[in-house]
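# Close look at the chain arrangement
The lines below spell out each chain.
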Amino acid sequence: YCDECFLVLNIKERGFLELFLPLIHSQCCPPLFLCFAKIFYLWEGLNEHFLRLVPYFASILSVLIFCKLTFLALKNKISIIFANVIFAISQPLLIYTCLFKHYSFDVLMTVLVLAAAFYLKNKKISNKKIFLLGVFASFSVFASYTAGFIIISALTAIFLCKYLQKPGFKKKRALIFLKSLLCFLLPFGSIMSVYFFINCLPTVQNPFLQTFWHINEPYEIFIPNSIEDFSHIFEYLLLGINCVKSWIVLLLIAIGAVYSFKKDRFFFVITFLPFVFAGILAVLNLYPFAPDRVSLYLLPIFVLLVSKAFDCLCFNFKSLIFSVFLIAFLFNYNQIKINLSELVQNFDFQALSMTKVFVNRLYQSDYTQY
């Protein structure tokens with residue numbers, strides 16, 4: 001857990017604006033996460049458990065916003081309940097609520113951007129508000145790098161489903177969309193371009209990080225180059241929904257994909273594109289396509305994909321009974337209970353602890369060699 005210690009050193013040694021620059025000690029972290037942690041640090045000092053409140057609050061907000069997202073994205077009461085229950089008891093998400101890492105912010109911004117996209121897809125908004133949305137999108141990327149993938153997916157989905165599928169003169173609608181897109185990209189593109197060249201590009205080109213990402217993993221971290229590597233990602237996603245029957249999950253995704261393609265194209269595009277853009281960024285070596293990374297911020301989308309299959313069911317007593325048996329067959333609740341009890345009983349806080357003594361020793365040593 002040296003990474004967390006080095007992040008604390010960045011927070012301790014830098015001001016708020018300096019957190020937007022490339023970090024020292026070969027670290028990479030969204031600046032707004034560090035800014036919130038900096039506030040907690042100035043408030044309480046080097047208190048490890050106090051710093052862990054930052055991802056903890058983000059996790060709580062993600063559950064609340066995901067609940068709103070399900071009402072916007074799903075139509076059937078069964079699918080809404082199904083999605084919220086699975087998301088709330090996801091083991092990886094529960095684990096990262098108590099660790100000083102930014103991955104809870106990745107999940108939070110994923111559900112926030114998706115909820116905003118579903119809310120705005122059928123609304124007419126002025127170019128002034130679109131400009132403000134571009135500013136909001138910039139801050140969302142400052143809170144989570146992976147939010148950029150979701151934002152691009154949302155823009156593509158809105159263009160394909162809101163403008164191309166409506167009857168009327170396509171050229172005129174395309175010009176309207178391009179004008180709105182320009183109002184969005186003017187703040188978002190300029191801010192992100194400056195930030196990319198100042199911070200992101202020097203960070204991903206860091207030779208230490210490149211070596212670390214490729215050596216300390218049993219598989220190719222940037223671009224999975226075999227079926228086995230891709231299977232690791234799917235295994236992590238199945239772990240995230242506590243699944244014991246992978247073939248049923250694939251069946252549910254297939255049903256949900258066919259149903260959404262026919263009935264809800266916007267849902268189909270906005271849920272499948274993040275996986276595509278994540279792969280493109282991996283090919284460009286800008287963000288690793290590693291299972292333990294992409295499976296977290298893509299997990300809310302994966303839960304929606306699995307839950308979408310229930311939208312094609314009619315809400316009656318028979319479908320309710322069928323869904324109960326399907327959920328019981330799909331998920332091993334006894335194993336969930338065992339996992340949660342082990343998490344509570346055997347959680348070695350001392351081993352995971354970035355204690356004040358350890359950080360102070362590191363700070364007093366010749367850590368600059370790292």
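All values derive from a computational prediction rather than experimental measurement. (Residues numbered from 1 in each chain as written. Predicted model: local features only at pLDDT ≥ 70, side-chain atom pairs only at ≥ 80, totals over all residues. Heavy atoms only, no water.)

## Looking at the overall build of the protein chain
- Per the secondary structure count, the protein chain includes 20 helices and zero strands.
- For the protein chain, the proportion of its 370 residues judged to be buried stands at 50%.
- A separation of at least 24 residues holds for 75% of the contacts in the protein chain among residues at least 6 apart in sequence.
- On the protein chain, roughly 18,500 Å² of surface is accessible, and the fraction owed to carbon and sulfur atoms is 69%. (Helix = DSSP H or I, 4+ residues; strand = E, 2+ residues; numbered from the N terminus. Buried < 20%, exposed > 50% of the residue type's maximum accessible area, 1.4 Å probe, protein only. Contact = heavy atoms within 4.5 Å. Areas by Shrake-Rupley, 256 points an atom, 1.4 Å probe, with all protein chains shown as cover.)

## Brief notes about the packing of helix H4 (residues 53-73) against helix H16 (residues 299-308)
- Viewed as axis vectors pointing N to C, H4 and H16 meet at an angle of 40 degrees, and their least axial separation amounts to 12 Å. Considered as vectors, H4 and H16 are oriented oblique to each other. In terms of crossing hand, the pair formed by H4 and H16 is right-handed. Here H4 contributes Phe-66, Leu-69, Thr-70 and Ala-73 to the contact with H16, which in turn contributes Pro-300, Val-303, Leu-304 and Lys-308.
- Its residues placed into classes, the contact of H4 with H16 shows six nonpolar, one polar and one charged. (Axes fitted to C-alpha atoms, helices over the stretch in contact; angles between N-to-C directions. Parallel < 35°, antiparallel > 145°, perpendicular 65-115°, else oblique. Left-handed = near helix turned anticlockwise from the far one by under 90°. Nonpolar A, V, L, I, M, F, W, Y, C, P; charged D, E, K, R; others polar.)

## Let's talk about the packing of helix H13 (residues 246-263) against helix H14 (residues 265-283)
- Where H13 meets H14, the axes come as close as 6 Å, and the angle between the chain directions of the two elements is 130 degrees. Looking at the two axes, H13 sits oblique to H14. Across the interface between the two elements, Ala-257, Ser-260, Phe-261, Lys-262 and Lys-263 from H13 touch Arg-265, Phe-267, Phe-268 and Phe-272 from H14.
- Broken down by class, the residue content of the contact of H13 with H14 amounts to five nonpolar, one polar and three charged.

## Quick notes on the packing of aromatic side chains
- This model, assessed by the stated rule, comprises 19 aromatic pairs.
- An angle of 85 degrees between the planes, with centres 5.3 Å apart, marks the rings of Phe-33 and Phe-105 as edge-to-face. Within this pair, whereas Phe-33 is found in helix H2 (residues 31-44), its partner Phe-105 is found in helix H7 (residues 103-120), the two being separated by 72 residues in sequence.
- Following the ring pairs from residue to residue traces out a cluster consisting of Phe-20, Phe-139, Phe-142, Tyr-145 and Tyr-195.
- One cation-aromatic arrangement involves Arg-265 over Phe-261; the distance from NZ or CZ to the ring centre is 4.1 Å. (Phe/Tyr/Trp six-rings, centres within 6.5 Å; stacked < 30°, edge-to-face > 60°. Lys NZ or Arg CZ within 6 Å of the ring centre and 35° of its normal.)

## Some remarks on a nonpolar patch on the surface
- A cluster of nonpolar residues, Tyr-56, Phe-57, Ile-60, Leu-61 and Leu-64, forms a patch on the protein surface that exposes about 480 Å² of accessible area.
- Positionally, Phe-57 belongs in helix H4.
- We classify Phe-57 as partly exposed; its relative accessible area is 43%. (Patch = residues over 30% accessible without salt bridge, like charges linked within 9 Å, V, L, I, M, F, W, Y side chains within 5 Å. Salt bridge = Lys/Arg side-chain N within 4 Å of Asp/Glu carboxyl O.)

## Examining the environment of Pro-274
- Relative to the helices and strands, Pro-274 is located in helix H14.
- Under the relative-accessibility criterion, Pro-274 is labelled buried at 0%.
- Sequence separation between Pro-274 and Phe-149 is 125 residues, and the spatial gap between their C-alpha atoms is 5.8 Å.
- With residues up to four places along the chain from it excluded, the contact list for Pro-274 reads Ile-150, Ser-153, Val-269, Leu-298 and Ile-301.

## Concerning the confidence of the model for the protein chain
- On average, residues of the protein chain score 76 in pLDDT, and 71% of them reach the 70 mark or higher.
- When the criterion is pLDDT under 50, residues 347-352 qualifies, and its contacts beyond four places in sequence or with other chains add up to eleven contacts. (pLDDT = per-residue confidence, 0-100.)

## A few points about the environment of Gly-45
- Looking at the element boundaries, Gly-45 is found in the loop between H2 and helix H3 (48-51).
- Overall, the relative accessible area of 21% leaves Gly-45 in the partly exposed class.

## Concerning the environment of Arg-52
- You can see Arg-52 is positioned in the loop between H3 and H4.
- Along the sequence, Arg-52 and Lys-101 sit 49 residues apart, while their C-alpha atoms lie 8.2 Å from each other.

## Description of the pattern of salt bridges
- This model, assessed by the stated rule, comprises two salt bridges.
- Between Lys-308 and Asp-264 there is a salt bridge, and its shortest N-O distance comes to 3.4 Å. Here Lys-308, found in helix H16, pairs with Asp-264, found in the loop between H13 and H14; they are 44 residues apart in sequence, far enough to count as distant.
- Overall, Asp-264 belongs to the buried group, its relative accessible area being 8%.
- Each of Asp-264, Lys-308 and Asp-311 takes part in one network of salt bridges that share partners.

## Overview of H2
- End to end, H2 covers 20 Å across 14 residues, agreeing with the expected 20 Å (1.5 Å per residue, within 8%).
- Taken residue by residue, H2 has Pro-31, Leu-32, Phe-33, Leu-34, Cys-35, Ala-37, Lys-38, Phe-40 and Tyr-41 as its buried positions. (Expected span 1.5 Å × (residues − 1).)

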